[in-house]
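This is what each chain is made of:
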Amino acid sequence: MDRETTMARNHDHLIDITPDTSLVSGTVAGAAAGVAAGRGGGGGGDEAKQKWLRKLTSATVNSAVLRDLISRTPMLWYLGERSGTILRPRTRRARVAALHAVRAVAIGPFHRRDAGLAFPDDAKLPFLRYLQDQCGLDVDGYVAALALERGRLRDEFADDGDEDDEAVVATLDDEEKFLEMLLLDSCFLLVVSMMLSKAGAGDDDADSVMRAACISKEYFILHMAVAQHADDIKLDMLVLENQVPFAAVKLLAAFCGSLKLRHSVEELVLGCFDDICPKRARRAGDDAAGEFYHVLHLFHWSRVPKNKYNVLSTPLKLLRIKKESERLFPCYMELRRSAVWFRQAAPSAGGGDLDMWFWRHPASPVAVMSVPCLHIHDYSAAVLHNLVAFEKHFYWAHGACVTAHVARMEGLVRCPPDAAMLRRRGVLATARRTDAELVALFRELGEETVGARLPDEYGEMLDAVARHRRRRVSCWCGGFVLHFFPSPWVAVSLAAAAALIVVPSMLQTVYTVLSYFKSS
């Protein structure tokens, strides 16, 4: 009864929203008739007015815009055509340009006109002849295969944009010169790798007898010439712009019918750099590595840890850090004041020379930073600069491990005392550079990391270090140790003094107690 009364009271407030079908159908029909009339009798004026709409809905325009977005978005590199992988670095500062110069051999088109090289194009002809005589190289078949792949191999070389260097453009665009360059440089790289690589030498007696039987006068001459400039050749093979596509080298090995390698071509080439720091983190046979662009790409892959330091986005941890001072990696002395102890990472950790760890327990005021020993040689600046330049152009595909490590080391080594303490801790090892020179080295390397994309591991470590430094108990503990125990000798002296005071007193007490019991 109450429900019926309520419905009756609300009857006057109900609104009928049922559409009038006749009105709607009439409106739609009128609009359609108007459109038809406009198309039929509007003339060319309405046709011109509708061009902007057809342009907006054009599939061709949409595809062009998407291709342009892919080319301008590094994170979408796998969707578009890959740009050139052999290029001049963008940095044109005088000091950096000197680190990208070649010393003994020009590989690729960019340094072919350099004077004073130990191995010009004419000097590479005996390496080609050696592969023909000793390894059964089918030159005609190899050149024919290069000609078929010429378009893909040409795309590996980026346009430098320097209009004055007409020789580079002529070498890349002329088919004969391009194929000649690939033939000579690939032969040189393969033979040099066989001579210098530790992976190419056999360990048993059968391999030793076979190598002795293959040694001829030509091989002896080539080997002595390469050995004289071995260090410079290795460094030239690690210059970003001094490369040829690695696919051409692998194709050359496939056309050498008598060439028998105990390892893959990748492992053969990597064997040349076993004495080059940073040390190797993985081997070519450990997992499927895919295709390598060139020798520097292969060297970079072998030096960085697996599945780490990938740049997928802007590090979230880095964005959360508010203070500008916390965005910079703190130096060694600042970390010591926050009770951060340094220890040298074990060589068998699997991370190579470019991996750091930071560990702290919430209940402990002390944190531990594990840093591998980084050996600094005369060539270290050139190698690290080229690795950073490679990551700067291809970080979206191959990570930024070297860039992150350089940024951390620049923060750790800000003054000569920092360098001295890190050398004492075994984090840095060098026999030719002073502490001030180490500071200048990492400062110059750090200039190349300004504005570079850094991986999440870098932001996470910065965040962990910043949170640890904000703890008062950690600052108190670190300050106490630095003030009262600035060096290990202070602790040893204090322990010796305590022993000299406490031990005689204890002995006197013991003798007194024994004499008392004996008298009683």
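Residues numbered from 1 in each chain as written. Predicted model: local features only at pLDDT ≥ 70, side-chain atom pairs only at ≥ 80, totals over all residues. Heavy atoms only, no water.

**As for the sheet that holds strand S2 (residues 357-360)**
So, step 1. The strand order S1-S3-S2 describes an open sheet built from three strands, whose pairing is mixed. A strand with exactly one partner marks an edge of an open sheet, and here the two such strands are strand S1 (340-344) and S2. Recorded for the sheet is a direction-independent mean angle of 20° between the axes of neighbouring strands.
So, step 2. Set on the sheet, helix H24 (residues 456-469) makes contact with S1, S2 and strand S3 (367-371); between it and S2 the angle comes to about 35°. (Pairing = 2+ DSSP bridges. Helix = DSSP H or I, 4+ residues; strand = E, 2+ residues; numbered from the N terminus. Axes fitted to C-alpha atoms, helices over the stretch in contact; angles between N-to-C directions. Contact = heavy atoms within 4.5 Å.)

**Description of helix H22 (residues 416-425)**
It helps to recall that an α-helix has 3.6 residues per turn; residues three or four apart then point in one direction.
So, step 1. Residues Asp418, Ala419, Met421 and Leu422 constitute the buried set of H22. When H22 is viewed along its axis, its buried side chains cluster within an angular range of 165° and face the same direction.
So, step 2. Of the surrounding secondary structure, the elements contacted by the buried residues of H22 are helix H19 (332-337), S1, helix H21 (401-412), strand S5 (428-429) and helix H23 (435-447).
So, step 3. At the C-terminal side of H22, glycine 426 shows a positive phi close to 85°. (Buried < 20%, exposed > 50% of the residue type's maximum accessible area, 1.4 Å probe, protein only. Arc of directions from axis to C-beta.)

**Considerations on the pattern of salt bridges**
Opposite charge on two side chains permits them to pair, given that their charged atoms come into close proximity.
So, step 1. Under the counting rule described, the total for this entry stands at 20 salt bridges.
So, step 2. The closest approach of N and O atoms between glutamate 448 and lysine 392, which form a salt bridge, is 3.3 Å. Residue glutamate 448 is found in the loop between H23 and H24, and its partner lysine 392 is found in helix H20 (residues 380-398); the two are separated by 56 residues along the sequence.
So, step 3. Classification of lysine 392 by relative accessible area gives partly exposed; the value is 26%.
So, step 4. The salt bridge partner of arginine 423 is aspartate 435, with a shortest N-O separation of 2.9 Å. Note that arginine 423 is positioned in helix H22 and aspartate 435 in helix H23, a separation of 12 residues in sequence.
So, step 5. Connected through shared salt-bridge partners, Arg112, Asp121, Lys124 and Asp185 make up one network. (Salt bridge = Lys/Arg side-chain N within 4 Å of Asp/Glu carboxyl O.)

**Some details on empty space enclosed by the protein**
So, step 1. Inspection of every chain in the model, using the stated rule, returns two cavities of 30 Å³ or more.
So, step 2. By volume, the largest cavity amounts to about 40 Å³.
So, step 3. If you go around the largest cavity, the residues you meet are Cys277, Pro278, Leu374, His375, Ile376, Ser380, Val383 and Leu384.
So, step 4. Those elements giving two or more residues to the lining of the largest cavity turn out to be strand S4 (374-375) and H20.
So, step 5. When residues of the lining of the largest cavity are assigned to their parent elements, the largest contribution, three residues, is made by H20.
So, step 6. Of the residues contributing to the lining of the largest cavity, the split by class is six nonpolar, two polar and no charged.
So, step 7. Empty space within the second largest cavity amounts to approximately 30 Å³. (1 Å grid on protein atoms, 1.4 Å probe; cavity = no way out; pocket = protein on both sides within 12 Å on 5 of 7 lines; lining within 4 Å. Points joined across faces, edges and corners; volume = space filled by probe spheres on them. Nonpolar A, V, L, I, M, F, W, Y, C, P; charged D, E, K, R; others polar.)

**Details of unusual backbone geometry**
Most of the time, phi is negative for any residue but glycine, and the peptide bond is trans.
So, step 1. Backbone torsion omega between cysteine 277 and proline 278 reads 5°, so that peptide bond is classified as cis.
So, step 2. Considering the arrangement of structural elements, one finds proline 278 in the loop between helix H16 (265-270) and helix H17 (295-303).
So, step 3. Phi is positive for asparagine 307, which is not a glycine, with a value near 60°.
So, step 4. Within the secondary structure layout, asparagine 307 lies in the loop between H17 and helix H18 (316-320).
So, step 5. Look at tyrosine 309: it is not a glycine, yet its phi comes out positive at around 60°.
So, step 6. Here tyrosine 309 is to be found in the loop between H17 and H18.

**Considerations on H23**
So, step 1. The end-to-end C-alpha distance of H23 is 19 Å, a good match for the 18 Å that 13 residues give at a rise of 1.5 Å each.
So, step 2. Those residues of H23 that sit buried are Leu438, Val439, Leu441, Phe442, Glu444, Leu445 and Gly446. (Expected span 1.5 Å × (residues − 1).)

**With respect to the packing of H20 against H21**
So, step 1. Relative orientation of the contacting elements H20 and H21 amounts to 125°, with a least axis distance of 8 Å. Here H20 lies oblique to H21, going by the angle between them. Crossing of H20 over H21 shows left-handed handedness. Every residue of H21 that contacts H20 at Leu384, Leu387, Val388 and Glu391 is listed here: Cys401, Val402, Thr403 and Val406.
So, step 2. Split by residue class, the contact of H20 with H21 holds six nonpolar, one polar and one charged. (Parallel < 35°, antiparallel > 145°, perpendicular 65-115°, else oblique. Left-handed = near helix turned anticlockwise from the far one by under 90°.)

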